[in-house]
Amino acid sequence: MSRVVTVHDPAAQTITAANNRILQYHLQREQDATKQRPKDGNLYHYTTAEGLKGIVENNELWATSAYYLNDSAEILYGYRLLSLAIETWLKQTNPALGAVSRGLAESFVHYFGHDAFEQNIVTPIYLTCLCEQDNLLSQWRGYGAFGGYSIGFRVMSEGTVYGLLPEPRVYTARCVKVEYVRYKQIKRILDILDSVFPILDEPSVTAAVRAIDSASPLGFSQLSSIIQEMLIEESTAFKDGAFAVEQEWRFVVRSRQLLKQGIDDGNHMNLPIQFRAARGQLIPFVKFKPCSSTLPPFVDGTRLPIASIRCGPVGDRISAVMAVQQLLESNGYGGVRVTRSGISLAYC
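Overview of the structure. (Residues numbered from 1 in each chain as written. Predicted model: local features only at pLDDT ≥ 70, side-chain atom pairs only at ≥ 80, totals over all residues. Heavy atoms only, no water.)

With that settled, the discussion passes to the overall build of the chain. Regarding its fold elements, the chain presents 9 helices and 13 strands. Looking at the 348 residues of the chain, the share that counts as buried comes to 48%. Restricting to contacts in the chain with at least 6 residues of sequence separation, those with at least 24 account for 82%. When the accessible surface of the chain is split by element, carbon and sulfur atoms take 54% of a total near 16900 Å². (Helix = DSSP H or I, 4+ residues; strand = E, 2+ residues; numbered from the N terminus. Buried < 20%, exposed > 50% of the residue type's maximum accessible area, 1.4 Å probe, protein only. Contact = heavy atoms within 4.5 Å. Areas by Shrake-Rupley, 256 points an atom, 1.4 Å probe, with all protein chains shown as cover.)

This is the structure:
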């Protein structure tokens, strides 16, 4: 029978040790991710003339709620893929009835497949979409006759958001490269499950889980919440293969258990969530503000880490470049390379 215990209880210590092993695995995955870097050290955010003006003049970049993007099915895709992959793991491994891993896996299938959306308990996720290329025809076509701009932001590696800090102090940001290949997406989820679920089924861990009240923060909830966090984080990098031409990376902003920016005040402070009107509805977003960096190339935190701006293939290209240069100069941005697209309007 389960019971309430303290941190000194042998069962609680066993679960804490298991939790630390899972965390160690997670940290190794995070370190491996930093080996993946953009080709030229920059990622590019495509936007309109109005968007460019707002970013430079207000010295801020926006991350929009993932549930209100142009393709709102993106985040649903990731959640449902998690449910599918976990079902696949259950069929492949067929853990024993009553096994801790089976119970947790079955609960995740329901949570990611149906329950989270039907009960409106989805975790807030905000995205800034970027691209590996600053002169991509498919991106320019999205702006048609209205023109567009690609803004180059310096990026150190996957996992790192350089020179930018999300305004909500309890939120953190990670840079992730989007994976479009479905079998690779499923493999990434299965790799996590194959690494952490066997820890739950070790006899000592199973006995400890059963000895402690399931609602206790020292018990099963400690393990389940950390694994759920890892899976949600992984799903933010998944997108349907039909969009592979976009070559997307993302700045992913959310409240993370495993990565803290500021002090968690227990939800007493109102989060600075902003709202804009578009397509007949309110769209939540959060702001990135500039921050200093002690890593080269060094930034002092007074301006966004903008490395370049390319003007799209619309209008008078010479005057477009001149206007961007004047905008940058009047707002204290120096050393930003401004170019124009050589793509013909006939292709847009």
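The description of two aromatic rings rests on the distance between their centres and on the angle between their planes. Following the criterion strictly, the structure yields 8 aromatic pairs and no others. Centre to centre, the rings of Y111 and F112 are 5.1 Å apart; their planes meet at 85°, and the pair counts as edge-to-face. Classification of Y111 as buried rests on a relative accessible area of 15%. Here Y126 and Y171 contribute two aromatic rings whose centre-to-centre distance is 5.9 Å and whose plane-to-plane angle is 35°, an arrangement assigned as tilted. Pair noted here: Y126 is in strand β3 (residues 126-131) and Y171 is in the loop between β5 (164-166) and β6 (172-177), with a separation of 45 residues, a long-range link. (Phe/Tyr/Trp six-rings, centres within 6.5 Å; stacked < 30°, edge-to-face > 60°.)

On to unusual backbone geometry. With the exception of glycine, the majority of residues adopt a negative phi angle, and the majority of peptide bonds are in the trans configuration. Phi at N59 takes a positive value of approximately 55°, unusual for a residue other than glycine. As for its position among the elements, N59 is in the loop between α2 (49-58) and β2 (61-65).

All right, on to the packing of helix α1 (residues 10-33) against helix α8 (residues 220-235) then. Helix-helix packing is characterised by the crossing angle of the two axes and by the distance between the axes. It is the contact of α1 with α8, at a shortest axis distance of 9 Å, that shows an interaxial angle of 10°. Between α1 and α8, the interaxial angle falls into the category roughly parallel. Judged by the sense of rotation from one axis to the other, the crossing of α1 with α8 is left-handed. Within the contact between the two elements, α1 uses I15, T16, A18, N19, I22, L23, Y25, H26 and R29 and α8 uses F220, Q222, L223, I226, I227, M230 and E234. Here the contact of α1 with α8 is composed, by residue class, of 10 nonpolar, 4 polar and 2 charged. (Axes fitted to C-alpha atoms, helices over the stretch in contact; angles between N-to-C directions. Parallel < 35°, antiparallel > 145°, perpendicular 65-115°, else oblique. Left-handed = near helix turned anticlockwise from the far one by under 90°. Nonpolar A, V, L, I, M, F, W, Y, C, P; charged D, E, K, R; others polar.)

Further remarks concern the side chain of N42. Tracing the sequence through the fold places N42 in strand β1 (residues 42-47). Apart from residues no more than four positions distant in its own chain, N42 is found in contact with F153, R154, V155 and A307.

What follows covers the side chain of S150. Following the sequence through the fold, S150 ends up in strand β4 (residues 149-154). A residue is classified by how much of its surface remains accessible, and S150, at 0% relative accessible area, is buried. At 2.8 Å, the side chain of S150 and the backbone oxygen of D134 are in polar contact. Each residue touching S150, except ones within four places of it in the same chain, is listed here: Y44, H45, Y46, D134, W140, S308, I309 and R310. (Polar contact = N/O pair within 3.5 Å; in protein donor to acceptor, adjacent residues only side chain to side chain.)

Turning next to helix α6 (residues 182-200). At 3.6 residues per turn, the α-helix brings residues three or four places apart onto the same side. An ideal rise of 1.5 Å per residue puts 27 Å on 19 residues; α6 measures up with 27 Å between its terminal C-alpha atoms. Among all positions of α6, only Q185, I186, I189, L190, I192, L193, V196, F197, I199 and L200 are buried. (Expected span 1.5 Å × (residues − 1).)

Bringing the nonpolar core into the picture now. Looking at soluble globular proteins, one finds that nonpolar side chains tend to be buried together. Membership of the largest hydrophobic core comes to 50 residues, with the highest contact counts inside it found for F112, F197, I227 and L231. Ranked by size, the runner-up nonpolar core spans 34 residues in total, among them Y149, F153, V336 and V338. (Core = buried A, V, L, I, M, F, W, Y, C linked by side-chain atoms within 4.5 Å.)

With that settled, consider the environment of F197. Among the structural elements, F197 can be located in helix α6. For F197, a relative accessible area of 0% gives the class buried. If we skip the residues at most four places from it in the chain, F197 touches W89, S101, L104, A105, F108 and I227.

This part covers the packing of α1 against α6. Contact geometry of α1 with α6 gives a least axis separation of 9 Å together with a crossing angle of 155°. Considered as vectors, α1 and α6 are oriented roughly antiparallel to each other. When you trace α1 past α6, the crossing you get is right-handed. Side by side, α1 and α6 meet where A18, R21, I22, Y25 and R29 of the first sit next to R188, D191, I192, S195, V196 and I199 of the second. Looking at the contact of α1 with α6 residue by residue, the classes come out as 6 nonpolar, 1 polar and 4 charged.

Here the focus is the pattern of salt bridges. In total, this model carries 17 salt bridges according to the counting rule given. Across the salt bridge formed by E106 and R102, the nearest N and O atoms sit 3.4 Å from each other. Of this pair, E106 and R102 are both found in helix α4 (residues 100-118), 4 residues apart, which corresponds to roughly one turn of the helix. Here E106 falls in the partly exposed class, since its relative accessible area comes to 35%. K177 serves as the salt-bridge partner of E132, at 3.4 Å between the closest nitrogen and oxygen. Highlighted residues: E132 in the loop between β3 and α5 (137-141) and K177 in strand β6, separated in sequence by 45 residues. Via salt bridges that share partners, E30, R174, E229, E233 and R254 belong to a single interconnected network. (Salt bridge = Lys/Arg side-chain N within 4 Å of Asp/Glu carboxyl O.)

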